[in-house]
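Notes for the structure review
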Amino acid sequence: MIFKLPWHRIIRTPFLSLKLVRYMSCEENLVIQTMNSLYQDFSTEKSYMRYSQSLSEAMKICGKQRSILNAKKLHGHLISTGFISSVFLQNHLLNMYSNCGLIEDSSRVFNEIDNPNVFSWNTMINGLSDLGMIEKARQLFDEMPERDCVSWNTMMSCYFQNGKVEETIKVFFIMFKDYIYCPDLYSFSYVIKACGSLRLLKLGLVLHCLVEKFSYGEDPFIQVSILDMYVKCGAVDLADKVFKRIQSPSLFCWNNMVYGYSKAYGVGRAIELFEQMPERDTVSWNTIISILSQHGFGVNTLSMFMEMCAHGCEPNSVTYASVLSSCASILDVQWGRHIHARIVRSEPSLDVFVGSTLIDMYAKFGHLETAKRVFSNLPERNTVSWTSLIGGFAQFEFEEEALVLFDQMRKVAVASDQFTVATILGVCSSRKYTCFGTQLHAHSIKIGLDYAIPVSNALVIMYFKCDNIQMANHVFRHMPLRDIISWTAMISAYSQKGDIGSAREYFDKMPQRNVITWNSMLAAYIQHGHWEEGLKLYKVMLLQDNVMPDWVTFSTLFGACNDFASLRLGNQIIAQAVKSGFDSDVSVANGIVTMYSKCGQFEKARKVFDSIVYKDLVSWNAMITSYALNGQGKSVVQIFENMLTSGVIPDHISYIGLLSGCSHSGLVSEGKYYFNSMTKNHGILRSSEHYTCIVDLLGRAGFLEEAKKVIEEMPIQPDSAVWVALLSACCTHGDSKLAEYAVKHLQELDLKDSGSYVLLANVYAETGDLNGVVKVRAMMRDRGIRKNPGCSWIEVGNTVHVFTADDASHPQINEVHRMVEEVLKKIEDTGKYVKDYSSSRYRGCHSEKLAVAFGLIHLPSWMPIHVMKNLRICSDCHTVIKLTSLVTARELVVRDANRFHHFRNGTCSCEDYW
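The structure presented is a predicted model; accordingly, all values stated were derived computationally and were not measured.

**Digging into the overall build of the protein**
Counting its secondary structure elements, the protein contains 50 helices and six strands. Computed over the C-alpha atoms, the radius of gyration of the protein is 39 Å, more than 25% above the 29 Å expected from 2.2 N^0.38 for a compact globule of 914 residues. If one aligns the C-alpha atoms of the protein with their principal axes, the spans along those axes are about 140 × 60 × 55 Å. Here the protein, with 914 residues, has 49% of them falling under the buried criterion. Considering only contacts in the protein between residues 6 or more positions apart, those separated by 24 or more positions represent 60%. Summed over all atoms, the accessible surface of the protein reaches about 44700 Å², with 53% contributed by carbon and sulfur. The positive charge centre, built from 89 side chains, and the negative charge centre, built from 92, are 1 Å apart in the protein.

Right, here's the structure in full:
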């Protein structure tokens, strides 16, 4: 409050009017009463002391209220009355000016004190500290003629409060070495907090021992500091011991331990401790809600938020930020809108912190116009709000809009930070914006952000995606600091380029690795077919003390099983996933479904699918694909319809699996219906894969002209897969003329794959056109195209045995051939098969026959025989293996290049339709 009466009137008027006093606060009244008491007789020491005390209280109030005008008036009164020479009042005057932010006035008063005492020096140092003038505070500290423990504590506080945490520790040990001064509770509190900030656990343990030595260990004040230090250092077990020693832990201790438990023991233990709390405040609820949100428990976060509201605890901006992030993570836009509406109703205005979170949430939902509207309605916008909006447009590949927003941001008074620049560099990771990316690199150098780790990482990724490997390496080499993301970016970049050797070199050079790095290197091996090297790397990963596999690890490993169709290996990985507690994770469960599907175990795949509580789109697609691969067309249609009933919207992958399933089972009418409805009902544009499926469907069923018409009416350019599907149908139905038409278009695409030429040769062979066969072989020779050799493999024990056509290299090949002849004789005895050596249909030594024979020799009679083949199974081998299942009473499963064939009792799951 500012006095409106002149100073002389305040001095001369013992009592202010009641009308003026009525509108003053209690503290302001105390100032006025002190001013009115100036008309007193100070002849006695008692009255003098009372006056000094009243004046000091008035100065405290002025400092607290930062009332500069009243402070000046009180200073003037001290001068006019001659009390300015009182060191006691001068110290309070110093403190008042410091609290008002008038450091120059404080310095002037300090310099006018004839004999400043230790309190004077400490007050001045504290004032300089509050204004961040660390160097001047240290200079004054060094000039002190004498110090007490408070002086040292003030200097430690100065460094700690201004972010110079290392200096806090240095000052403590200088004090400790000077035997004149004995550290008190505050000394230990500051240095222990500094250890916590720097994660110096060993030093923290030493200081804890000193605390016990000085008999401060039972003091609640120091116990709180020690507990906080241990939690920040990750030593939650030690923090727990300290926590249990505290008789009545404060809410701060409880909240700290809940956070520590989440880091050390997981979310479950943190919730258990939270439920034991005798009382909770907003920080308690925010802590547990933030923990749930950060660990990906979106639904639980929302439940905890509702419980918080039910307990009558009002959420704040921190609460809303965590809850909105969870809405974005579980893609629940309705909950997000509900929270938004609640914020609008309960908050007078939208602060920039919550506003930025809302923008980020709507941007992740793809509701970019809503995000932009929230952004426009913010009373103030900071770097985070701009970056959130830019990131939203960048995420959904609206590169032009993101760049326009960035340009607008530069024109207003908002500085770009490292995350803004990194986001825009992500937009420039294509050849179209290479020039702008290079300019932004120069801009980041200009504003001093080029060495910021997120910017450097984004530059590395940008240059790699723009195929400028030299610049990417240059940026990486010149990074002053690299984090795990930097190294992982290099590994992923080289992996995407197919340079696995360089990726492994960077992996081996890494100073430290986390599970993400291991997963990146593991994925690099498996995605490029080096599954054996990937499994070796996984074994090394398991030996690491500080790394545990996560759901990404297991999902990646199932990819190796899928490529090689190793059921034994897949079961081992499933066992490890169960042991690690990741088998219930939806992504891991989806991987198990896919693994079983690729190994021909579609019944087991269905059991796992049914056990998934919250099925996502990937779950449904995995099961659809499983049935399609195994020729269960009707089951494909049924599971697809179940998906629609459950409210899950299909995507283009769903329809590829659906159409493929219809194709392999001859469901022509169903396939045509779904092909026509995918755009009409779900707005999905047909891709080349969808057209390949429908051409294959029509071609297999013999509707060759209709299949040809579909190709001719395609709105996009047909690729090789479409023509190969037509060519394969021509081979099945012996239409050499249409086959030549398909091959002609394949030649225009300059197809180097031998498969299409082999199919055409087979068409000529089946129709008896030997000249056509010779013509195709000559064409292949002229073009330098070699036929891919047929290859089949079978897993027996822990060894994979590989066979090729006319194989003579296997150590047991003679025994295998004898088994083939023995089985063929039994088949001929049934009268259902006649071996004709002169026919082009006879394929006596094809690799799949050899692999099946090897399985009959070595696998027990109760065990199904699983064989994998790299090419499509021929008709002769299909007939032989089908009859083999009859004469041997064995279950035989063969996966060729297109699908699975399950042979039982002389029949095949494809019903001879493949």
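Now that the structure has been shown, we can carry on.
**Comments concerning the sheet that holds strand β1 (residues 791-796)**
The mixed open sheet is built from six strands, whose spatial order is β2-β1-β3-β4-β5-β6. Each end of this open sheet is capped by a strand with a single partner; those strands are β2 (799-804) and β6 (907-908). Strand direction decides the pairing type here: β1 and strand β3 (residues 865-869), joined by two bridges, are antiparallel. Its bridge partner being in β3, Ser-792 is matched across the sheet by Lys-869.

**Re the pattern of salt bridges**
Going through the model one piece at a time under the given rule, you end up with 23 salt bridges. Between Glu-822 and Lys-826 there is a salt bridge, with its nearest N and O atoms 3.9 Å apart. Remark: Lys-826 and Glu-822 occur in helix α48 (residues 813-829); sequence separation between them is four residues, near one turn of the helix. You can call Glu-822 partly exposed: its relative accessible area is 41%. Connected through shared salt-bridge partners, Lys-72, Asp-105 and Arg-108 make up one network.

**Notes on the pairing of β3**
With respect to burial, β3 is a largely interior element, five of its five residues being buried. Sheet topology places β3 next to strand β4 (residues 892-895); four bridges connect them, and they run parallel. By the bridge assignment for β4, Val-867 is matched with Val-894. On the question of chirality, the crossover connecting β3 to the parallel β4 by way of helix α50 (residues 875-888) is right-handed.

**Some thoughts on the state of the cysteines**
Under the defined criterion, the tally for this structure stands at zero disulfides. The closest cysteine sulfur to the non-disulfide-bonded Cys-233 is located on Cys-195, 7.1 Å from its own sulfur. On the accessibility criterion, Cys-233 (17% relative accessible area) is buried. Free of any disulfide, Cys-466 has its nearest neighbouring cysteine sulfur in Cys-428, separated by 8.0 Å.

**With respect to the packing of helix α49 (residues 847-858) against α50**
Taken N-terminus to C-terminus, the directions of α49 and α50 make an angle of 15°; their axes are 10 Å apart at the nearest point. One element, α49, and the other, α50, form an angle in the roughly parallel class. Viewed along their axes, α49 and α50 form a crossing whose handedness is right-handed. For the pair α49 and α50, the contacting residues are Glu-848, Lys-849, Val-852 and Leu-856 in the first and Asp-876, Cys-877, Val-880, Ile-881, Thr-884 and Thr-888 in the second. Of the residues belonging to the contact of α49 with α50, the class tally is five nonpolar, two polar and three charged.

**Notes on the packing of helix α41 (residues 668-682) against helix α42 (residues 688-700)**
One way to put it is that α41 packs onto α42 with a least axis distance of 10 Å and a crossing angle of 155°. One element, α41, and the other, α42, form an angle in the roughly antiparallel class. The two elements α41 and α42 cross, and the hand of that crossing is left-handed. Every residue of α42 that contacts α41 at Val-668, Gly-671, Lys-672, Phe-675 and Met-678 is listed here: His-690, Tyr-691, Ile-694, Leu-697 and Leu-698. Partitioned by chemical class, the residues of the contact of α41 with α42 number seven nonpolar, two polar and one charged.

**So, unusual backbone geometry**
Its identity is not glycine, yet Ser-215 carries a phi of approximately 65°, on the positive side. Within the element layout of this structure, Ser-215 appears in the loop between α13 (201-213) and α14 (220-232). Under the relative-accessibility criterion, Ser-215 is labelled exposed at 63%. With phi around 65°, Glu-397 is a residue other than glycine that occupies positive phi space. Positionally, Glu-397 belongs in the loop between α24 (383-395) and α25 (399-411). Residue Glu-397 is classed as exposed on the basis of its relative accessible area of 60%.

**Here's the deal with the nonpolar core**
Judged by nonpolar contacts, the single largest core of 239 residues is most densely connected at Ile-192, Leu-227, Met-257, Met-521, Val-695 and Leu-726. Per-element tally for this core: the top contributor is helix α44 (residues 720-733), with eight residues. If you look at the next biggest cluster of nonpolar residues, it comprises 31 residues, including Tyr-833, Val-894, Phe-903 and Cys-908.

**Notes on the packing of aromatic side chains**
One pair of aromatic rings is described through two measures. These are the centre distance and the angle between the planes. This structure, assessed with the given rule, holds 31 aromatic pairs. Aromatic pair Phe-476 and Tyr-506: ring centres 5.5 Å apart, planes at 85°, arrangement edge-to-face. In this pair, Phe-476 is assigned in helix α29 (residues 469-477) and Tyr-506 in helix α31 (residues 500-509), connecting sequence segments 30 residues apart. Here Phe-476 and Tyr-506 have matching classes, each one buried. Look at Phe-675 and Tyr-691: their rings are 5.5 Å apart centre to centre, the planes differ by 75°, and that puts the pair in the edge-to-face class. Linking Phe-675 in helix α41 with Tyr-691 in helix α42, this pair joins segments that are 16 residues apart in sequence. Exposure class is identical for Phe-675 and Tyr-691. Each is buried. By the ring-pair criterion, three or more aromatic residues cluster together here, those being Phe-172, Phe-173, Phe-176, Phe-188, Phe-214 and Tyr-216. Here Arg-147 stacks its cationic end above the ring of Phe-141, 4.2 Å away from the centre of that ring. Between Arg-686 and the ring centre of Phe-675, over which it is positioned, the NZ or CZ distance is 4.3 Å.

**A few points about α41**
Its 15 residues place the ends of α41 21 Å apart at the C-alpha level, agreeing with the 21 Å of an ideal helix rising 1.5 Å per residue. In α41, a bend of some 35° at Asn-676 exceeds every other bend along the element. Against α39 (633-645), α40 (652-665) and α42 lie the buried residues of α41. Where α41 ends, the next residue or the one after it, Gly-683, has phi of about 65°, a positive value.

**Things to note about the side chain of Ser-847**
As for its placement among the helices and strands, Ser-847 is situated in helix α49. Once residues within four sequence positions are removed from consideration, Ser-847 is found in contact with Gly-790, Cys-791, Ser-792, Phe-803, Thr-804, Ala-805 and Lys-869.

**Side note on the side chain of Ser-189**
Looking at the element boundaries, Ser-189 is found in helix α12 (residues 185-198). Looking at Ser-189, its side chain comes within polar contact range of the side chain of Ser-225, at 3.0 Å. Once you skip the residues sitting within four places of it in the chain, Ser-189 turns out to touch Phe-221, Ile-222 and Ser-225.

**A closer look at the environment of Gln-139**
In this structure, Gln-139 sits in helix α9 (residues 134-143). The sequence separation of Gln-139 and Ser-262 amounts to 123 residues, and the corresponding C-alpha distance is 44 Å.

Reading the values: the criteria
- Residues numbered from 1 in each chain as written.
- Predicted model: local features only at pLDDT ≥ 70, side-chain atom pairs only at ≥ 80, totals over all residues.
- Heavy atoms only, no water.
- Helix = DSSP H or I, 4+ residues; strand = E, 2+ residues; numbered from the N terminus.
- Rg over C-alpha atoms; globule rule 2.2 N^0.38 Å.
- Buried < 20%, exposed > 50% of the residue type's maximum accessible area, 1.4 Å probe, protein only.
- Contact = heavy atoms within 4.5 Å.
- Areas by Shrake-Rupley, 256 points an atom, 1.4 Å probe, with all protein chains shown as cover.
- Lys, Arg positive; Asp, Glu negative; His and termini not counted.
- Charge placed at Lys NZ, Arg CZ, Asp CG, Glu CD.
- Pairing = 2+ DSSP bridges.
- Salt bridge = Lys/Arg side-chain N within 4 Å of Asp/Glu carboxyl O.
- Right-handed = clockwise from strand over helix to strand, strands pointing away.
- Disulfide = S-S within 2.5 Å.
- Axes fitted to C-alpha atoms, helices over the stretch in contact; angles between N-to-C directions.
- Parallel < 35°, antiparallel > 145°, perpendicular 65-115°, else oblique.
- Left-handed = near helix turned anticlockwise from the far one by under 90°.
- Nonpolar A, V, L, I, M, F, W, Y, C, P; charged D, E, K, R; others polar.
- Core = buried A, V, L, I, M, F, W, Y, C linked by side-chain atoms within 4.5 Å.
- Phe/Tyr/Trp six-rings, centres within 6.5 Å; stacked < 30°, edge-to-face > 60°.
- Lys NZ or Arg CZ within 6 Å of the ring centre and 35° of its normal.
- Expected span 1.5 Å × (residues − 1).
- Bend = angle between axes of the 7 residues up to and from the residue.
- Polar contact = N/O pair within 3.5 Å; in protein donor to acceptor, adjacent residues only side chain to side chain.

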